[in-house]
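So you can see what is in the structure, the chains are spelled out below.
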Amino acid sequence: MVWQLPQSASEVRTLRDAVFRQEAAVAGLQRHVVALADAMRQMQDEWDQASRAIFALQQQQEQQQEGQGQGDGGGDDTGRPGGDDCASTHSFATTHSLGSTQYSAPVLLTDIPAVGRGVARVGGGGGAASRVPRLFAGPVHGDNNGAAAAAGGLAEAGGGGCEVQEECSKEQLEELMRQLRGSCPTGSGATAAGRAQAGTAAAVAAAGVEPDGVAAELDRRRAAVVTLALHAERDAELRAALVAAGLLEEVAAMLEGADPRCTWAAAHLAWYISRSDELREDLGCGRVLAALVALLGAPDPAAARAAALALNNLALGAECRQRMADAGAVTALIDMAASSDAIGQEASCAALMMLASEEPNIRALIVAANGVRALVDVLRYGGPTAQESAACALENLSLDAACEAALGEEGGVEGLLGLLRDGTHAAQAAAIGTLRNLAVNDDLQLQLLACGGVPALLAAARGGPEAATRTAAVEAIRNLAVGSGEACTALVSAGGVGAMVEVAHALPGPGRLAALGVLLVLSVEGPHKQAVMASGAVGVLVHAALSGSPAAKEYAARTLTNLASSDANRLDILREGAATVLSALLRGGASGGKSGGAGAAAGASGGPADRACRAVAARALQNLSKCRQPAARRLMIDAGCVPALVGALSLDAPTAGAAVSALSALCGAPRALQDLVRADGAGALLTALSRLQGRGQQQALRLLRRLAKASGVCRIRVQDALVGMGLQAMAAGMS
């Protein structure tokens, strides 16, 4: 075909229109491709969630059948509301007089505590043990592919002419136990089968049995132990019967023996027995524990994995953990994590997680044996499930301040942040928990900032898969913000203020409290304070002060106090309804008591949370009362601030001083003065005078003078009351 150039303007337009239509079609196809890719990713996420739900249901059914939970793998992390109690606040205030109304400088509330570290991860549903094939089809002899064979090949595991029985009656299982116990008397090794298992020609000759007979006995022994292991995998009663029958010594003998098939089957049998809570103590106090530790370095990876999974379950007990450490399990598990395949890495890392759950001395052993380096390598190069277990182990190690330096030196921060980008949901949750713990360390804070920790944590806080994960991310951000001014700047630059407002809207409980804590930290510094105001945080703070937990109410009131220290913010804060909520908080405290004098009186003897909330609410109203715009004063009077402040005069001296300061500013308006008279302000001020000092006394005396002049209160009566309290100088000043 020969293409001809267009000859006329109409042909040019036609060609141009055709090109535009083609480009539009291509763009439309590109949009469809992008949408299809997004849909596929969403389907994959939904499939992953469904798979986890199915697996959790299977685990629940198994637990119901067995009558107890299983101790395999890593558990779910829980929310941690740490840091609810605010430290003591500092008031940086001076006073100056403006005409007949006295103002004090705005109050700034600081000393915001970090959330702190989390809690240890321990065994629970899911995790390493549940993902390993339940029983492999036989020992591998160095072939990793054979280790992953399905359970359908179990009939071959017995070897020879003796078949593994996949369905046995109770009587048949009892016969197998008797056969297994009789073939190898405890500790003697005197039978032909026992000596043959030891693998020496001298043992076979001394037995006086033909080699074929020895082989047949070993075949029957293998078939018996594999059949018992196959049934013990789900039958909790059989596990108990095995222990009650005294077969643990036989299991230990097979673990120590040279026959790879028996060793492999015995390791799985020990793993399944370790799933029963009541049997772990029996399993972990004899030869079996030492044999399992020795088996971690076995050439058969399937047997080593089963041993690691059994030790993971045994590590649920504190005494077993110490025995494992004394037996050299720490070094053996670290070597296994550094050299095994993906499933072996997962099993060994899960066991290290359990060992690092509580005892500082075991954590120190893990660090001293280069365990942090091995775990970080698994984070970088291991399979998805192995990464989960390694991240959980690092989270437990990060609970100990002595281990933090090793985590920083071995590149743990970079590895954890990489896991936030590419890891599974469970791995991300553990990585965030670890970062939250590391964020309280000053040196590691710098590493986190340099490696882009703030944007990564913000992304997790906004779009984490679960509320607990998002909560941990926000707690990590708060730990960073409390300890580092650079972190606050990076947080504001990355849009973190808006993210915290979103989180405070979306998350309940600890997540909301942590987000409010971040906003409180940012409200202290001037530049960050304006970013908080611009983000629309005031509405969230007002809502939290109205209906949040006691700690959330206090955090919200503290943040409003800091924001109101700037005159440019006060009217905007009042227009959001802050005065009404703060007045209610001043009357009712954290528990939300009733308004009026009764509520205020209850505050004098209320709990620490009530007293703290009332004190902070009084300071917030003190700052808001400094707004010189008439609309602001009107909003505060309409919100009932005057009666609430009068009620606060009966509280402790700092709270009463803040209330007097706010009343002094508000009562320049005749309406506020009338409210003060109706609330028996004269009596409340006289009562507060004995506890006030300095400027507070002067402000109270000035209000009493105005009351005497405006309401006809007998000045002689006020003077007599002052003299009765020993305040003769003030009484003379009333003249």
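Per chain, residue numbering runs from 1 following the sequence as it is written. Local features in this predicted model are restricted to residues of pLDDT 70 or higher, and side-chain atom pairs are both shown and tallied only at a pLDDT of 80 or more, whereas totals for entire chains, interfaces and linings draw on every residue. With hydrogens and water stripped out, all remaining heavy atoms of the structure feed into the side-chain values.

### Focus: the overall build of the chain
Thought 1: Helix and strand definitions follow DSSP, with helices as H or I runs of at least four residues and strands as E runs of at least two, each counted in order from the N terminus. Assigned secondary structure in the chain consists of 43 helices and 2 strands.
Thought 2: Going through the 735 residues of the chain one by one, you find that 52% of them count as buried.
Thought 3: For the chain, contacts bridging at least 24 residues in sequence account for 75% of all contacts bridging at least 6.
Thought 4: For the chain, the accessible area works out to roughly 30,200 Å², and carbon and sulfur atoms hold 54% of it. Only protein chains enter the accessibility calculation, which uses a 1.4 Å probe. A residue is then buried if its area is under 20% of the maximum for its type, exposed if over 50%, and partly exposed in between. By the convention used here, residues are in contact when the closest approach between their heavy atoms is within 4.5 Å. For the area figures, the Shrake-Rupley method with a 1.4 Å probe applies, and any residue is considered shielded solely by the protein chains shown.

### Here we look at empty space enclosed by the protein
A probe matching the size of a water molecule, rolled over the atoms, marks out where space remains unfilled.
Thought 1: Throughout, the protein atoms alone are placed on a 1 Å grid, and a set of points is a cavity if a 1.4 Å probe fits but cannot get out or a pocket if it is open with protein on both sides within 12 Å along at least five of seven lines; lining residues have an atom within 4 Å of a point. Grid points are joined across faces, edges and corners, and a volume is the space filled by probe spheres set on the points. This structure, assessed with the given rule, holds 1 cavity of 30 Å³ or more.
Thought 2: The computed volume of the largest cavity comes to approximately 30 Å³.
Thought 3: Val 454, Leu 457, Ile 477, Leu 480, Ala 481, Ala 487 and Leu 491 are the residues that line the largest cavity.
Thought 4: Those elements that provide at least two residues to the lining of the largest cavity are α24 (453-463), α25 (467-483) and α26 (485-493).
Thought 5: The biggest single contributor to the lining of the largest cavity is α25, with 3 residues.
Thought 6: Residue composition of the lining of the largest cavity, grouped by class: 7 nonpolar, no polar and no charged. Each residue gets one label: Ala, Val, Leu, Ile, Met, Phe, Trp, Tyr, Cys and Pro are nonpolar, Asp, Glu, Lys and Arg are charged, and the others, such as Gly, are polar.

### Structural notes on the pattern of salt bridges
Thought 1: In what follows, salt bridge is the name for a side-chain nitrogen of Lys or Arg lying within 4 Å of a carboxyl oxygen of Asp or Glu. Tallied over the full model, the rule gives 21 salt bridges.
Thought 2: The partner of Asp 341 in a salt bridge is Arg 305, with the nearest N and O atoms 2.5 Å apart. Here the residue Asp 341 occupies a position in the loop between α15 (329-339) and α16 (342-355), and Arg 305 occupies one in helix α13 (residues 301-314), the gap between them amounting to 36 residues.
Thought 3: Looking at Asp 341, the relative accessible area reads 22%, which means it is partly exposed.

### Quick word on α25
For an α-helix, 3.6 residues make a turn, and residues three or four places apart therefore share a direction.
Thought 1: For a helix, the expected span equals 1.5 Å multiplied by the number of residues minus one. A rise of 1.5 Å per residue sets the reference length of α25, with its 17 residues, at 24 Å; its end C-alpha atoms lie 25 Å apart and thus fit the reference within 8%.
Thought 2: Burial analysis of α25 places 13 of its 17 residues in the buried class, the great majority of the element.

### Concerning unusual backbone geometry
Thought 1: At Asn 370, a position not held by glycine, the phi torsion is positive, near 65°.
Thought 2: Turning to its location among the elements, Asn 370 is positioned in the loop between α17 (360-368) and α18 (371-381).
Thought 3: With relative accessibility at 40%, the residue Asn 370 sits in the partly exposed group.

### A look at the packing of helix α8 (residues 236-244) against helix α10 (residues 260-273)
Each pair of packed helices can be summarised by the angle the axes make with each other and by the distance between the axes.
Thought 1: Viewed as axis vectors pointing N to C, α8 and α10 meet at an angle of 110°, and their least axial separation amounts to 10 Å. It follows that α8 is roughly perpendicular to α10 by the angle criterion. Crossing angle aside, the handedness with which α8 passes α10 is left-handed. Contacts between α8 and α10 involve Arg 239, Leu 242 and Val 243 from the former and Leu 269, Tyr 272 and Ile 273 from the latter.
Thought 2: Here the contact of α8 with α10 is composed, by residue class, of 5 nonpolar, no polar and 1 charged. The axes are straight lines fitted to the C-alpha atoms, using for helices just the contacting stretch, and the angles between their N-to-C directions are given from 0 to 180°. For classification, angles of less than 35 degrees are called roughly parallel, those exceeding 145 degrees roughly antiparallel, those between 65 and 115 degrees roughly perpendicular, and all remaining angles oblique. The sense of a crossing depends on the near helix, which, turned anticlockwise from the far helix by less than a right angle, makes the crossing left-handed and, turned clockwise, makes it right-handed.

### Let's talk about the side chain of Arg 363
Thought 1: Tracing the sequence through the fold places Arg 363 in helix α17.
Thought 2: Looking at Arg 363, its side chain comes within polar contact range of the main-chain oxygen of Ala 356, at 2.8 Å.
Thought 3: Once you skip the residues sitting within four places of it in the chain, Arg 363 turns out to touch Ala 356, Ser 357, Glu 358, Asn 396, Leu 397, Leu 399, Asp 400 and Cys 403. Contacts described as polar in this section are N or O atom pairs within 3.5 Å, which, within protein, must combine one atom able to donate a hydrogen with one able to accept it, while residues neighboring in sequence count only if both atoms come from side chains.

### Things to note about the confidence of the model for the chain
Thought 1: Scored between 0 and 100, pLDDT is the confidence that the predictor attaches to each residue. With 72% of its residues at a pLDDT of at least 70, the chain reaches an overall mean of 77.
Thought 2: The low-confidence segment residues 184-210 (pLDDT under 50) makes 39 contacts with residues lying over four places distant or belonging to another chain.
Thought 3: Scored below 50 in pLDDT, residues 594-605 makes 16 contacts in the model with residues more than four places away or belonging to other chains.

### Overview of helix α35 (residues 608-624)
Thought 1: Across its 17 residues, α35 extends 24 Å between first and last C-alpha, which sits within 8% of the 24 Å expected from 1.5 Å per residue.
Thought 2: Within α35, 12 of the 17 residues are buried, leaving the element largely enclosed by the surrounding structure.

### Some remarks on the environment of Arg 470
Thought 1: Within the secondary structure, Arg 470 sits in helix α25.
Thought 2: Spatially, the C-alpha atom of Arg 470 lies 9.1 Å from that of Leu 458, the residues being 12 residues apart in sequence.
Thought 3: The residues touching Arg 470, leaving out its near neighbours within four places in the chain, are Ala 460, Ala 461, Arg 462, Gly 464, Val 503, Ala 506 and Leu 507.

### What to know about the packing of helix α31 (residues 550-563) against α35
Thought 1: It is at 8 Å that the axes of α31 and α35 come closest, and there the two elements cross at 20°. The angle between α31 and α35 falls in the class roughly parallel. As for how α31 packs across α35, the hand of that crossing is left-handed. For the pair formed by α31 and α35, the contact residues are Pro 550, Lys 553, Glu 554, Ala 557, Arg 558 and Thr 561 on the first element and Ala 609, Ala 612, Cys 613, Val 616, Arg 619, Ala 620 and Asn 623 on the second.

### Considerations on the environment of Ala 531
Thought 1: Positionally, Ala 531 belongs in helix α29 (residues 526-534).
Thought 2: A relative accessible area of 21% means that Ala 531 is categorised as partly exposed.
Thought 3: Sequence-wise, Ala 531 and Gly 498 are 33 residues apart; in three dimensions their C-alpha atoms are separated by 8.9 Å.
Thought 4: The contact partners of Ala 531, leaving out residues within four places of it in the chain, are Val 492 and Val 497.

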